[in-house]
Amino acid sequence: MACRRGGNHKHCLSTTSPSISNCHKLPSCSSRTHNICMVSDFFYPNMGGVESHIYQLSQCLIERGHKVIIITHAYEDRKGIRYLTNGLKVYYLPLRVMYNQSTATTLFHSMPLLRYIFVRERVTIVHAHSSFSAMAHDALFHAKTMQLRTVFTDHSLFGFADVSSVLTNKLLTVSLCDTNHIICVSYTSKENTVLRATLDPKIVSVIPNAVDPTDFTPDPSRRDNSTITIVVVSRLVYRKGIDLLSGIIPDLCQKYPNLHFIVGGEGPKRIVLEEVRERYQLHDRVRLLGALEHQDVRNVLVQGHIFLNTSLTEAFCMAIVEAASCGLQVVSTKVGGIPEVLPDNLIILCDPSVKSLCNGLEKAISHLKSGSLLSPEIIHSQVKTFYTWRNVAERTEKVYDRVAGEIVLPMGKRLDRLISHCGPVTGCIFALLSVISFLFLMFLRWLTPDYLIDAAIDATGPYGAWTQQYFRKKRETLNSNS
Amino acid sequence: MADEEGYLAVSGERITLQRRHHSASCREFLVRCPRLQLRSLSAVTCSVWLVAYGLFVLCQNSVVLSAAIFVTLIGLLVYLHFVKIDQESLLIVGSLGIQMTSSYASGKESTTFIEMNKVKDVVINEAIYMQKVIYYLCILLQDPVEPHVVSEVVPLFQSSKPRLDCLVEVYKSCQEILEQNKKS
Amino acid sequence: MVLKVFFPACCSLAESGLLVGRWIPEQNSAVILAVVHFPFVPGQVKQYLAEVHHVTQVEVSVLGSWTNSKQAKEENLGRFLEDLSTIFSHDPWIQLSRKQGSKFWSCSTIWKHPSGDEGDETTLVYYDQRKVMLSQLHPPLDSEVAAASSLDRKVENASRLMAMFNTVSQSKVLFMKDRYDEGPIKLTHWQSEGVEASIIVELMKQASVPACLLVTFLLSLVSRVCQSRALTFWPLSFIWSKLSTCQQLRHRLQHLQVISSPKKAPDQSQLMRKANIFVSILLDVTLGILLMSWLYRKNRIGHLANALIPMADHVAQQLQDLLQWLMGVPAGLKMNRALDQVLGRFFLYHIHLWISYIHLMSPFIEMILWYVGLSACLGLTVALSILSDIIALLTFHIYCFYVYGARLYCLKIYGLSSLWRLFRGKKWNVLRQRVDSCSYDLDQLFIGTLLFTILLFLLPTTALYYLVFTLLRLLVVLVQGVIHLLVDLINSLPFYSVLLRLCRSYRLASGVKFRVLEQEAGKPLRLLMQINPLSYGGVMQAYRLPTYSCYPKDSWGSLCKKLFVGELIYPWKHKGEKQD
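Residues numbered from 1 in each chain as written. Chains lettered and ligands numbered in written order. Predicted model: local features only at pLDDT ≥ 70, side-chain atom pairs only at ≥ 80, totals over all residues.

1. What about the overall build of chain B?
So, step 1. The helix and strand tally for chain B stands at three helices and nine strands.
So, step 2. When the helices and strands of chain B are placed in sequence order, the string is β-β-β-α-α-β-β-β-β-β-β-α.
So, step 3. Computed over the C-alpha atoms, the radius of gyration of chain B is 21 Å, more than 25% above the 16 Å expected from 2.2 N^0.38 for a compact globule of 184 residues.
So, step 4. Its C-alpha atoms put chain B at 75 × 40 × 30 Å along the principal axes.
So, step 5. For chain B, the residues scored as buried account for 25% of the 184 residues in total.
So, step 6. Across chain B, the fraction of contacts at a sequence separation of at least 24, relative to all contacts at a separation of at least 6, is 45%. (Helix = DSSP H or I, 4+ residues; strand = E, 2+ residues; numbered from the N terminus. Rg over C-alpha atoms; globule rule 2.2 N^0.38 Å. Buried ≥ 20, exposed ≤ 12 C-beta atoms within 10 Å, placed from the backbone. Contact = placed C-beta atoms within 7 Å.)

Okay, here's the thing in structure tokens:
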């Protein structure tokens, strides 16, 4: 395979020169390209916000001419190396999953593989995602030892009070204190992260998530206008406030006889909803759809009038943007970064309590009955302009450009930073660990020197096999059009 | 007819690739691994015996010593006969098929022959192996019922694991023969 | 397209003549079967080939000419050979020629309808006719696949070599013609040399038919007795299904029925199966008789019987000591005294009963052993099964203790788990097989708490008894398991196939391998085809005889879970049956 690609590559090079004049029509390549490695425990086939963020961002970066690879852990039989659309290369590493799709961390056992991949793919920037992902933190740690530039994106909010958050926050402090740049998805998230990890706010940027507006288009004909349908699409877990939902459903169903609920998603809290349904005999009015594929979400959304989000904590809620893009009136809890996401005329914000949410929903229903809601097309055309992945990629690229100009802290300074920044006990422990990791890296370099590692054949990036094909195809279509 | 070149294996060992062109549609590739080093052999033997001697000093039982001798002998036999592969060869005959042979250090040979109508393609693939990500050459077998489905992947040069530059050489020659075969 | 010529190695020294064989057009290959020498009458050759075709259903025809030139009269011979191609019309006409003292042959093909590609390459493949004829390619073609490929002619993906192998093995008749036969046609091909031996084989074949009939008759008698009503009513049939001896005997009976059936085995695998069963039974009986001869010498049975009773006594005594220990303060644990005493007394009484039973039996034990020992002549496996049954009977008290302990423990665990759910305000919903939330009254909660406490504090006592007896039970199960493994091994090992692989490795082929022979530029490529024998693992996989016992389906993890929850465990055999 690889060679065949190589062959194509040569062929393309020979044909590029005459038609260089067309190049300005292509997505403008920035002056410098990076070899970016995205690391996270969460990636497809797992479903969620982080997963689609990584995928879409990577696709847009590839379009802008960067080389992007993704490292995640193996999902059941999905092990090894796979290529996705446009030559996005994904390493599914055989690491043991510990809890909630997150790998166990020992800080060292993943190092040989990660180092091998970083070397063979000639990675220049390591971009880790999600603070829940142990693998992301491991990769940051190793990348810093290997003197690579690091970027971290935080996708979630966290408390400060309970034991688990105290521990996680300490870990985050250690992990982020010498990271080059941090990206948050909303200003609330930025505040939260800066506080938790005691960071300098200057190295924290805010780049929101985005949705693909072409995937989420309204379709009012699918609605059943004789009834009012409320749609909930989320994983059925505690964080998403399913207990609140189980309080809302019976109250409102008693009040409005033509009210229906559609709940999409799967999780441990599903049983709560099933019990509510059985206790109040609501089988015909509450539909539980179970796990949804990403492409089915839109078909579920367009069946409803009102979208309800009951999250208890949320950094940036992609679900409400998707719903608004489908033209639904959104009712949501006022937590985390949600107030920043949509303008006030598109969303009804409530406190995270059953009563307040019921009031919000009643308000939405009365709007709906009086016909004072905006029509789905208008909502869609408004939302369409807010968040696009191209924009996200552009802004992320700027972060990369900035990071590429910075220096990675050398070992001595790194130790100083760890000890001064993370408290005497933790700092010393992690300083010791980073010294051990440095020695381990030395040992690995002695065992398999860098020159023995075959450089991988690029799939994407300036010399990538896929890029050539992609550009050639574009050029052909352009030529045929003109 | 036959030319020989030195390459490196993934582990850094020196291997030699020998190419023999028997005819236009028949080629043979031999990958020769380094032979068993006297140095490593004596090191292992000495360490086993030293450990045995240590045990003997501790428990004053001479059975330990004789057991150690047996263990080294049997271990060496097993290693030479079942583990250590000296040479791997790949024979492609355009009209017949592909034959893989691995010769063990003891002289034992194990051969597998795949008929040409079962071979879908020969490709270079990537895999995660131990704590490494390596390239390897493999044969894709066709599913007998659905011709577009790959039913099995047979890796080549499994024990020597040559690096990419060596694999590309072999790959190109294989593709030439496969192309010829497809044309006719 | 490359032309392939499969040439028998034994014909390479034959005198000049005609090449006789089969042309396989879809593979563009020719399988040469024999060489017809000069002089011959073309009409007779054609007639002979037609006869062969009629008998073997293989399309045998004259494919070309063969020249083994020793003298220098080539010119006129060459012209003569070209003339031959007009007599025996075949497309393509293959001309092979060999020069004296030269290893390299030249080959030319003449196509009647030149298709344009004149630069045809030829590959000569030498094969050993005898080995190819006798060998059996693995895996054998399934009947389903064969049917599918015959339905869909285009998918001719069944092994190509299979066609070549079949051609050679089907034309056995061709090879029957002896070198010394006087006839109009002289052929060179492989010839068998074992005519004398085959006479003995013929005699054996003749004799085996009445023997088989006799055995079949006896077997049908035996099986009818076994199936008679008197032996199959409820309690007896239950006992039969539990005794491993009966299972083994039934299994062997089936085997005997298979090998004594006078029907001819339909295909190779059935034939191998019969042979394997035969050798397995033979070996089994031989081992059994060896064991018997050892047992009945020097009054070993008597010694055994004398040793058995004190052994049982000793075991009982040990158990009693163990129980006494448990009734006190075992390992410094403080137990619930009342429950401890009750359980201990109960078990002690059981042991007492058991000892008296054994003593009642003691005068007869030697006699029983003597008769049981005779069963070894039916085979080692039967003797081993009987041993397993005797162990099961002698350790019946351990089994009883284990069941009591397990039931008690299981009840407690079950009660504790449901009461624990009650604490958390949940209950098990039987209809939906899930845990629902449920609000309880104050009374219910009070009673539940009370019961929970009682059960919790009594649990250690029960758990200790359960633990000790489970360990004993596991020991017995382990011993029985090892015996059953041994029996299974003898039952299922394909001895005949393994012997065949050892002595005639080409008979079981997993495929072929090629060796490139020395060659010269301009001459055709020469390959030597050899048989690649099946590995021993492959032999085992292909010819393992099915056995009646099933291996444990649950893994170690589920076994541990079962032990923890207190479910009963059984020896590895008849898992499905015993559990109900």
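2. Let's talk about the packing of helix H7 (residues 242-255) of chain A against helix H8 (residues 270-279) of chain A
Residues and elements named next belong to chain A.
So, step 1. At a minimum axis separation of 9 Å, H7 and H8 run at an interaxial angle of 10°. In terms of axis orientation, H7 runs roughly parallel to H8. For the pair H7 and H8, the contacting residues are Ile242, Asp243, Leu245, Ser246, Ile249 and Pro250 in the first and Val272, Leu273 and Val276 in the second.
So, step 2. Each residue belonging to the contact of H7 with H8 can be placed in one class, and the counts come to seven nonpolar, one polar and one charged. (Axes fitted to C-alpha atoms, helices over the stretch in contact; angles between N-to-C directions. Parallel < 35°, antiparallel > 145°, perpendicular 65-115°, else oblique. Nonpolar A, V, L, I, M, F, W, Y, C, P; charged D, E, K, R; others polar.)

3. Side note on the packing of helix H1 (residues 38-59) of chain B against helix H2 (residues 63-83) of chain B
Residue and element names in this part refer to chain B.
So, step 1. Contact geometry for H1 and H2: axes closest at 9 Å, N-to-C directions at 165°. As far as their axial angle goes, H2 and H1 are roughly antiparallel. For the element pair H1 and H2, the recorded crossing hand is right-handed. Here Thr45, Val48, Trp49, Ala52, Leu55, Phe56 and Cys59 of H1 come into contact with H2, specifically with Val64, Leu65, Ala68, Val71 and Thr72.
So, step 2. When its residues are assigned to classes, the contact of H1 with H2 shows 10 nonpolar, two polar and no charged. (Left-handed = near helix turned anticlockwise from the far one by under 90°.)

4. Remarks on the sheet that holds strand S3 (residues 80-84) of chain A
Residues and elements named next belong to chain A.
So, step 1. Strands sit in the order S3-S4-S2-S1-S7-S8-S9-S10 across an open sheet of eight strands; the sheet is mixed. Edge positions in the sheet fall to S3 and strand S10 (204-206), since each of these pairs with one other strand and no more. Taken over all neighbouring pairs, the strand axes of this sheet differ in orientation by 25° on average, direction set aside.
So, step 2. Here S3 pairs with strand S4 (residues 88-93) via five bridges, running antiparallel. When the bridges of S4 are listed, Leu84 appears paired with Leu88.
So, step 3. Contacts between helix H4 (residues 134-145) and the sheet are confined to strand S1 (35-39), strand S2 (67-73), strand S7 (125-129) and strand S8 (149-154), with S7 contributing the most and set at about 155° to the helix. (Pairing = 2+ DSSP bridges.)

5. Brief notes about the pairing of strand S5 (residues 93-99) of chain C
All names here are of chain C.
So, step 1. The element S5 is extensively covered by neighbouring structure, given that five of its seven residues are classed as buried.
So, step 2. Bridge count between S5 and strand S6 (residues 105-110): six bridges; the pairing is antiparallel. Each residue of the ladder has a partner; that of Trp93, found in S6, is Ile110.

6. Regarding the domain arrangement of chain B
All names here are of chain B.
So, step 1. When cut into domains, chain B gives domain 1 (2-36 + 84-183) and domain 2 (38-82).
So, step 2. The centre of domain 1, based on its C-alpha atoms, is set 37 Å off from the matching centre of domain 2.
So, step 3. Listed per partner, the contact involves six residues of domain 1 and four residues of domain 2.
So, step 4. In the side of domain 1 that touches domain 2, the residues fall into three nonpolar, one polar and two charged. (Domains from an automatic or database assignment.)

7. Overview of the sheet that holds strand S14 (residues 306-309) of chain A
Residues and elements named next belong to chain A.
So, step 1. If you walk across this open sheet you meet the six strands as S13-S12-S11-S14-S15-S16, and the pairing is parallel. At either end of the open sheet lies a strand with only one pairing partner, and these are strand S13 (286-290) and strand S16 (347-350). Taken over all neighbouring pairs, the strand axes of this sheet differ in orientation by 20° on average, direction set aside.
So, step 2. Relative to S14, strand S11 (residues 228-233) is paired through two bridges, and the arrangement is parallel. Bridging across to S14, Val231 finds its partner in Phe307.
So, step 3. Helix H9 (residues 294-301) contacts S11, strand S12 (259-264) and S13 of the sheet and is inclined by roughly 160° relative to S11.

8. As for the UniProt feature "transmembrane region" (unreviewed entry) in chain B
So, step 1. This chain's UniProt record puts "transmembrane region" (unreviewed entry) on residues 36-56 and 62-82 of chain B.
So, step 2. Between the first and last C-alpha atoms of residues 62-82 of chain B the distance is 30 Å; the span itself is 95% helix and 0% strand. (UniProt positions renumbered as here; feature names shortened; annotations may be inferred.)

9. What to know about helix H10 (residues 318-325) of chain A
All names here are of chain A.
So, step 1. Counting buried positions over the eight residues of H10 gives eight, a clear majority of the element.
So, step 2. Turning to H10, its buried residues are Met318, Ala319, Ile320, Val321, Glu322, Ala323, Ala324 and Ser325.
So, step 3. Looking at the residues trailing H10, positive phi occurs at Gly327, about 85°.

10. Some remarks on the UniProt feature "transmembrane region" (unreviewed entry) in chain C
So, step 1. Within this numbering scheme, the UniProt entry marks residues 277-296, 342-361, 368-395, 444-468 and 474-499 of chain C as carrying the feature "transmembrane region" (unreviewed entry).
So, step 2. Segment residues 368-395 of chain C splits into 79% helix and 0% strand. End C-alpha atoms: 18 Å apart.

11. Notes on the nonpolar core
So, step 1. Formed by 207 residues in total, the largest nonpolar core has its most connected members in A:Ala139, A:Leu301, A:Ile320, A:Ala324, A:Val330 and C:Leu19.
So, step 2. With residues up to four places along the chain from it excluded, the contact list for A:Ala139 reads A:Val39, A:Ile71, A:Leu114, A:Val126 and A:Ala128.
So, step 3. Core analysis: the next-biggest nonpolar cluster, separate from the first, contains 12 residues, C:Phe401, C:Tyr402, C:Tyr465 and C:Phe469 among them. (Core = buried A, V, L, I, M, F, W, Y, C linked by C-beta atoms within 7 Å.)

12. Describing the confidence of the model for chain C
Residues shown with low pLDDT carry predicted positions that ought not to be read at fine detail.
Residues and elements named next belong to chain C.
So, step 1. Averaged over every residue, the pLDDT of chain C is 78; residues scoring 70 or more account for 84%.
So, step 2. Note that pLDDT drops below 50 for residues 142-157; the model gives that stretch eight contacts with residues more than four away or on any other chain.
So, step 3. Below a pLDDT of 50 lies the segment residues 572-580, which in the model reaches 15 contacts outside its immediate sequence neighbourhood of four places, other chains included.
So, step 4. The ipTM assigned to the predicted complex is 0.88, against a pTM of 0.80. (pLDDT = per-residue confidence, 0-100.)

13. Examining the environment of A:Leu88
Residue and element names in this part refer to chain A.
So, step 1. Take Leu88: it is sitting in strand S4.
So, step 2. For Leu88, a count of 21 C-beta atoms within 10 Å corresponds to the buried category.
So, step 3. Separated by 20 residues in the primary sequence, Leu88 and Val68 place their C-alpha atoms 6.6 Å from one another.
So, step 4. Ignoring any residue separated from it by four or fewer positions in sequence, one finds Leu88 in contact with Ser58, Gln59, Ile62, Val68, Ile70, Tyr83 and Thr460.

14. Some details on the interface of chain B and chain C
A common way to state how big an interface is: give the accessible area lost once the parts meet.
So, step 1. Across the contact, 18 residues belong to chain B and 18 residues belong to chain C.
So, step 2. Elements with a minimum of two residues in the side of chain B that touches chain C: strand S2 (14-23), strand S3 (26-32), strand S4 (85-93) and strand S6 (109-115) of chain B.
So, step 3. For the side of chain B that touches chain C, the element with the most residues is S6(B), which contributes three residues.
So, step 4. Across the side of chain B that touches chain C, the residue classes break down as seven nonpolar, nine polar and two charged.

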